Amino acid sequence: SADAMVRQPSNGLSRRTCGGQALRGGPAGQTARALAAGEVAALSKPPQQTCSSQVTPAETPPPPPPPPTASAAGGEGDGKDRSSKKGGDRVSKRGVQQCGQCKAKIEEGKPRYMDPNINRYLCHDCVPKCCGCSKPASGEIVSVDEHVFHAACFRCNACDASIDGAYFFVDGRCFCDACQDRAVPLQKCDICKRPIEGKCIQTEDGTYHVTCFVCRECKQPMRGKVHKTAEGDFLCADCIPKCGSCGLRLSGKTVKAGDKTYHQSCFKCAQCSEVLKTRYVRVGDDFVCGDCHAEDIRLKYEAEESEMVERESEWNRQNLSRYELEWREELAPKSFDVLIRMGAPKNSLPKDTEHVCVLFDEATSTFSCAPTRNPEVAVNLSYLLTAVRVIKEYRREPKFSLDPADPKDMTGDLQLKVYYPDWLEDTVFGEVLFQADYLLKEISFGTRSLPDFPQIKSTFEQSQKNASEGHFLESRAGRQWFVVKSANVGKSADGVVLPRVTMGVEARRLEVSKNGYSDAATIDPRDPNFVLAQKVTELFDQLAEKVPVIGELYSVAKAQLVARWLHEKGCKIEEKMLTKYKLPMARRRGGLKKIPTLKKTRTFATVADCNGQMCLEKMTHSMHGGVDLAFKGEVVPSSKISGNLLDEGVKPLFGFGVG
C-alpha cells in the first residue's frame, strides 16, 4: 500500500509546480537606482512574491553622515578614536567606517553600500552580487527567491529575451512564459500517458490525473491509503482484498489459490492445520496438503477395495459349485476297491488298514500288492495303475496346466484345462492335478485361507510388504508349478518298494514375446510369486498332512515314481489287466473343460509423487501354471534297504502278470 497525495503546484516552482512573477525593486516604498560616485546604495530585503512585474521609480537613499569635526577637548590629530554610533553605524572621527557584516574598515572614498535590512553599510566584498553578471547588485534589481539580478541581467535562458512578467525558475535558470514548455515539459499521467495540467496524484510509483487514479473495483477516485496489485492496478481501502481464511486485509506475503488470496501464514491444510507450502490439492472449497490427500485416497480406495473383495468372494462362492472348483474327498480312490474290482476276494482283505504296498520280484520282473500299516511304503493302487498306463503309452510322466483360452491374452475371462495325455481329463487322477493346482492359485491370490499356515502370505500381501519397504509395485503375470524336486526308490530285503519323493513349487515371471508369453530370463528374489513358492516348498510335507488335496497330490507323485521305476526295471503289466481296470471318473467326459480365469486387480493404498502429481499405484495379477510330475533325471536313483518292511505275518494278496 502507499499514500496517494493530491498536489497543486505553488508559484515560483517549475511547470511540475507551476511558475511565478518576477519582482523588481526593494522593500515597499523603495526601489534601487544607479548611484553617483561616492554614494551609498540602499539594498532591499527580498520581498514576498507578488504578481506585479512593474518597475517602480527609484528613490534617493538617505545622504551619508557628515564628516567628523574636531571637538574642543581634542583635536583632529590627537590619535584617539572618537567614533560616533548614531544611525546604527560605527563611524570614525577620521571618516573611517566598519562593514556591518565582516566588520572590516571602509576607508573614506571607497565604495560602500547601505543594507536597509540591518541599517548598516556593507563593504564591496559583502554586498550581494548579480546572479547574471556577478557584479554588485545596485540600481534597479530583480529578486527571485534568494537570487538577485540586475534588471538588465534578468533574461530568459532559452531565448535571451528580457523577462518582464511571468517567469519560471528551474534549477537556477530562468525562463520566460513563452519558453515554459521547453523549460519544463509537461509530466505525463502513468495511466493514460497524456500530459498533466492542474491537480495531480503522486504516489511512490508514479503521477496520475485525478480522474485516472480510480479504484479498479469500484471505479471511484482514491484518497489516502491505496493498494497496488501484482498486475499493477490500484484498489481503494474498501476494495483491498481480504484474506480468504481470517477475513483481515491482506498484507505481507500472500498466496493465491483458486479464486481467493490468503496470508501465507493463514493458508493451511483443512485437515492437519499445517501451513501449505508446495504440494496441496483443492478438495471442494478447502485445500489439503499432499500427505492428507494421499491418506484420503488410501482410505477411499481401501473402502472400494473392501467392497470389491466382498463381490469377488460372493462370485467365488458361486463358482465353487458351478464349476466344481473344490476337491471332494469322497473322490479319493481306495486301494482295496481296486483289488476287489481286479478279482481279489473281499474276505481276504484286512479290516484294520486300507493301505497297500508294492513288492517287486526282480527274478520274475513282476510286482504284487500286500496290506500295510506303514504309510511311508503305502502306494495308492488306483493311481499306480493309471501312472503305469501313462508311462506305457507316452513314455513320460503325466502333466497338467491351466492355460489362457487365448494364448496372447493372459488375463482373458476363461482358462482351459490341459492334460497330458488328454484322456486324463475328468478322471480322478486328472482331477487331483487340477484341484491341487487351482488351490495353489487361490492361495496365491489370497482367496483361500489356510488357518494352520499363517506364514504363507498371498502375493498381494507380499506386494504390499514390498511397497512399505520402498520397492516398486508392478502388474505381473506369472506361473507356478507343483514339481518333483527330488526322488529315489529303496527296496527292502523282502522286496517292498519304498518311494521317496520331495515336492515343491517353482515360480517364474512371464513376459510378452512374439509368440505370446514366455518365462522371463531371471526372477527377482523379492518377487511375490517366488517368495510364495519358497514358502510352500518349505512347508509342503505339513501341507500334505493337513490339506486333503495336497495329500492326494503327494500320493499321485509317489505312485508315478513307482510306475517309472518299475518301467525302468523292465516290469510290464499285461494289457488285459490294464483294460480290465476302469479308471474312476470325477464327472462325465468334457463336462467342464473351461473355467473362469482366476485373476485379480488390486488397488494398493500407496500414493506416489509422479512429476509433481499424485499417482495411485495399482497392480493386476494373473497366475497360470499347473502340475508337472516328471523326474528330471534320466534314471530314478534306487538303493537296497537291509531288513524287511512287510508287516509281520502279511502275505501278498494280488500279483500282476508280465506280458
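The present account deals with the structure reproduced in this document. (Residues numbered from 1 in each chain as written. Predicted model: local features only at pLDDT ≥ 70, side-chain atom pairs only at ≥ 80, totals over all residues. Heavy atoms only, no water.)

**A closer look at the overall build of the chain**
Okay, so step 1: For the chain, the helix and strand inventory stands at 10 helices and 32 strands.
Okay, so step 2: Looking at the chain as a whole, 43% of its 659 residues qualify as buried.
Okay, so step 3: Residue pairs at least 24 apart in sequence account for 58% of intrachain contacts in the chain once pairs closer than 6 positions are excluded. (Helix = DSSP H or I, 4+ residues; strand = E, 2+ residues; numbered from the N terminus. Buried < 20%, exposed > 50% of the residue type's maximum accessible area, 1.4 Å probe, protein only. Contact = heavy atoms within 4.5 Å.)

**Some words on the packing of helix α4 (residues 381–394) against helix α5 (residues 428–445)**
Okay, so step 1: Where α4 contacts α5, the axes come no closer than 10 Å and their chain directions differ by 95°. Here α5 runs roughly perpendicular to α4, going by the angle between their axes. Residue-level contacts link Y383, T386 and A387 of α4 to V428, F429 and V432 of α5.
Okay, so step 2: For the contact of α4 with α5, the per-class residue count stands at five nonpolar, one polar and no charged. (Axes fitted to C-alpha atoms, helices over the stretch in contact; angles between N-to-C directions. Parallel < 35°, antiparallel > 145°, perpendicular 65-115°, else oblique. Nonpolar A, V, L, I, M, F, W, Y, C, P; charged D, E, K, R; others polar.)

**Quick notes on the side chain of S492**
Okay, so step 1: Looking at the secondary structure, you find S492 in strand β25 (residues 476–492).
Okay, so step 2: For S492, a relative accessible area of 2% gives the class buried.
Okay, so step 3: Separated by 3.0 Å, the side chain of S492 and the backbone nitrogen of V496 make a polar contact.
Okay, so step 4: Among residues more than four places away in sequence, those in contact with S492 are I641, G643, N644 and L645. (Polar contact = N/O pair within 3.5 Å; in protein donor to acceptor, adjacent residues only side chain to side chain.)

**What to know about α4**
Okay, so step 1: For α4, which comprises 14 residues, the first-to-last C-alpha distance of 20 Å matches the rise-based estimate of 20 Å (1.5 Å per residue) to within 8%.
Okay, so step 2: The buried fraction of α4 amounts to 10 of the 14 residues, a majority that puts the element mostly inside the structure.
Okay, so step 3: Buried residues of α4: L381, S382, Y383, L384, L385, T386, A387, V388, V390 and I391, and no others.
Okay, so step 4: By the N-cap criterion, in which a side-chain oxygen at the helix start approaches the backbone nitrogen of a residue two or three places on, α4 is capped by N380, the distance to S382 being 3.0 Å.
Okay, so step 5: In the stretch just after α4, R395 is the one whose phi turns positive, near 55°. (Expected span 1.5 Å × (residues − 1).)

**Considering the pattern of salt bridges**
Okay, so step 1: Enumeration according to the criterion identifies 21 salt bridges in this entry.
Okay, so step 2: The closest approach of N and O atoms between E397 and R564, which form a salt bridge, is 2.8 Å. Within this pair, whereas E397 is found in the loop between α4 and β23 (399–404), its partner R564 is found in helix α9 (residues 548–568), the two being separated by 167 residues in sequence.
Okay, so step 3: Among the salt bridges present, the one from R587 reaches D426, with a minimum N-O distance of 3.3 Å. Of the two residues, R587 sits in the loop between α10 (575–580) and β28 (594–596) while D426 sits in the loop between β24 (414–420) and α5, which places them 161 residues apart along the sequence. (Salt bridge = Lys/Arg side-chain N within 4 Å of Asp/Glu carboxyl O.)

**Re the pairing of strand β15 (residues 224–228)**
Okay, so step 1: In the sheet, β15 pairs with strand β16 (residues 234–235) via two bridges, with the strands oriented antiparallel. Bridge pairing in β16 places H227 opposite L235.
Okay, so step 2: Count of turn residues in the β15/β16 antiparallel hairpin: five residues, of which G232 carries a positive phi of about 95°. (Pairing = 2+ DSSP bridges.)

**What about the packing of aromatic side chains?**
Okay, so step 1: Across all of its chains, the model carries 17 aromatic pairs by this definition.
Okay, so step 2: Relative to F287, the ring of Y262 lies with its centre 6.3 Å away and its plane at 85°, an arrangement referred to as edge-to-face. On the criterion of sequence distance, the pair formed by Y262 in strand β18 (residues 260–263) and F287 in strand β20 (residues 286–289) is long-range, its members being 25 residues apart.
Okay, so step 3: The buried category is assigned to F287, whose relative accessible area is 7%.
Okay, so step 4: Following the ring pairs from residue to residue traces out a cluster consisting of Y262, F267, Y280 and F287.
Okay, so step 5: The cationic tip of R389 hangs over the ring face of W423; the distance from NZ or CZ to the ring centre is 4.6 Å.
Okay, so step 6: The lysine or arginine in question, K417, covers the ring of F434, its NZ or CZ lying 4.0 Å from the ring centre. (Phe/Tyr/Trp six-rings, centres within 6.5 Å; stacked < 30°, edge-to-face > 60°. Lys NZ or Arg CZ within 6 Å of the ring centre and 35° of its normal.)

**A look at unusual backbone geometry**
Okay, so step 1: Note that the residue after Y420, namely P421, is joined by a cis bond; omega there is 0°.
Okay, so step 2: The phi angle at S273 is positive, at roughly 65°, despite the residue not being glycine.
Okay, so step 3: With respect to the helices and strands, the residue S273 is situated in the loop between β18 and β19 (280–283).

**Quick notes on the sheet that holds strand β32 (residues 654–656)**
Okay, so step 1: Taken in spatial order, the three strands make up an open sheet running β21-β22-β32, and their pairing is antiparallel. The sheet is open, and its two edges are formed by β21 (355–361) and β32, each paired on a single side. Direction aside, the axes of adjacent strands within the sheet are offset by 30° on average.
Okay, so step 2: Sheet topology places strand β22 (residues 366–372) next to β32; three bridges connect them, and they run antiparallel. Each bridged residue has a counterpart across the sheet, and for S368 the counterpart in β32 is G655.

**Considerations on the state of the cysteines**
Okay, so step 1: All chains considered together, the criterion is met by zero disulfides.
Okay, so step 2: With no disulfide of its own, C102 has C99 as its nearest cysteine by sulfur position, at a separation of 3.6 Å.
Okay, so step 3: By relative accessible area, which is 39% here, C102 ends up partly exposed.
Okay, so step 4: You can see C212 has no disulfide; the closest cysteine sulfur is in C192, sitting 3.8 Å from it. (Disulfide = S-S within 2.5 Å.)

**Considering the packing of α5 against α9**
Okay, so step 1: Close contact between α5 and α9 brings their axes to 9 Å; oriented N to C, the two are set at 130°. Here α5 lies oblique to α9, going by the angle between them. For the pair α5 and α9, the sense of crossing is left-handed. Here α5 contributes F429, V432, L433, Q435, A436 and L439 to the contact with α9, which in turn contributes V549, I550, E552, L553, V556 and Q560.
Okay, so step 2: Its residues placed into classes, the contact of α5 with α9 shows nine nonpolar, two polar and one charged. (Left-handed = near helix turned anticlockwise from the far one by under 90°.)

Read these as layout, nothing more, since geometry by itself doesn't imply function.
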